[in-house]
Amino acid sequence: MIAGCGTRESESASVTGDQDLLQDYGFADADGPEIIDRLEALAVAERPQDLIASVTATSLQLEDDAGREAELPLPEDQFYLSVAPFVETTHECGFHSLTTCRGELRNREVAVNVVDSGSGKILEEGTRTTHDNGFLGLWSPRGIAGELTCTLDELTGSAPISTQAEDDLTCLTNLQLA
């Protein structure tokens, strides 16, 4: 696996699978984090319907309807967590699908606060807007256990998060705002 500060050349060399898949979807020159950010920001109607893009703790995995697959490593020092705060409806999920997961609160401004449980240090604080799919993406340091709090208007909810293990979940759908 590459280090978070690797060069573009070493990142490209770390891609496994079908390079044509990346080329065909316009990702030939992008690394894992860039592809995640680009797909997450797309309007739902613009997301490729024939591509599954799943985020694990260590990689981005792509597969299209033709069965072509590619896997791109994620930085060793960063962890991607996609969060869908909700009021009434949610779904169970473990590893975020950038092309198929949908959350209830689309295009909404949400106050976000992430606190490291061990040190009490604030890792993230501010207002974020959920994407068209109802999720907001957080790039956090690896190796932490923390508490994520989201607030929408007068509604607030919190949930524990972890970026410590290779099997930690990348899709948080149980953060209910009440």
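Residues numbered from 1 in each chain as written. Predicted model: local features only at pLDDT ≥ 70, side-chain atom pairs only at ≥ 80, totals over all residues. Heavy atoms only, no water.

Caption draft 1: Region of interest: the sheet that holds strand β1 (residues 16-17). Sheet architecture is open: 4 strands sit in the order β1-β4-β3-β2, paired in antiparallel fashion. Two strands in the sheet have a free side with no partner beyond their single neighbour: β1 and β2 (51-55). As defined by bridge partners, strand β3 (residues 59-64) adjoins strand β4 (residues 69-73) across 5 bridges and the pair is classed as antiparallel. Note that in β4 the partner of E63 across the bridge is E69. (Pairing = 2+ DSSP bridges. Helix = DSSP H or I, 4+ residues; strand = E, 2+ residues; numbered from the N terminus.)

Caption draft 2: The arrangement of unusual backbone geometry in detail. Backbone geometry places N107, a non-glycine residue, at a positive phi of 55°. The residue N107 is located in the loop between β5 (78-83) and β6 (109-116) in this model. Phi at D153 takes a positive value of approximately 55°, unusual for a residue other than glycine. For D153, the position within the fold is in the loop between β9 (145-152) and β10 (155-162).

Caption draft 3: Expanded view of the environment of N133. Position of N133 among the secondary structure elements: in the loop between β7 (122-129) and β8 (136-141). Separated by 65 residues in sequence, N133 and R68 place their C-alpha atoms 25 Å apart. Setting aside residues no more than four positions away along its own chain, N133 makes contact with E40, V44, R47, H96, C101, R102, G103 and R106. Polar side-chain contacts of N133 include one of 2.8 Å to the side chain of E40. (Contact = heavy atoms within 4.5 Å. Polar contact = N/O pair within 3.5 Å; in protein donor to acceptor, adjacent residues only side chain to side chain.)

Caption draft 4: Main features of the pairing of β3. The sheet contact formed by β2 and β3 spans 5 bridges and is antiparallel. The residue of β3 that forms the bridge with L51 is D64. The turn linking β2 back onto β3 is made up of 3 residues. The antiparallel hairpin formed by β3 and β4 contains 4 residues in its connecting segment, where G67 sits at a positive phi of about 85°.

Caption draft 5: Summary view of the pattern of salt bridges. Following the criterion strictly, the structure yields 6 salt bridges and no others. Linking R68 and D24 is a salt bridge whose minimum nitrogen-to-oxygen distance equals 2.7 Å. With a gap of 44 residues between them, R68 in the loop between β3 and β4 and D24 in helix α2 (residues 19-24) connect regions that are remote in the sequence. The class of R68 is partly exposed, set by a relative accessible area of 22%. (Salt bridge = Lys/Arg side-chain N within 4 Å of Asp/Glu carboxyl O. Buried < 20%, exposed > 50% of the residue type's maximum accessible area, 1.4 Å probe, protein only.)

Caption draft 6: Up close: the pairing of β5. With 5 of 6 residues buried, β5 lies mostly within the body of the structure. Across 6 bridges, the pairing between β5 and β8 is antiparallel. When the sheet's bridge partners are listed, L81 is paired in β8 with L138. As paired strands, β5 and strand β11 (residues 171-172) are joined by 2 bridges and run parallel to one another. Bridge pairing in β11 links V83 to L172.

Caption draft 7: Fine view of helix α3 (residues 32-41). Listing the buried residues of α3 in full gives G32, P33, I35, I36, L39 and E40. Projected onto a plane normal to the axis of α3, the buried residues spread over an arc of 160° and lie on a single side. Elements in contact with the buried residues of α3: α2, β2, β3, β4, β5 and β8. (Arc of directions from axis to C-beta.)

Functional significance is not addressed by these values, which are geometric in nature.
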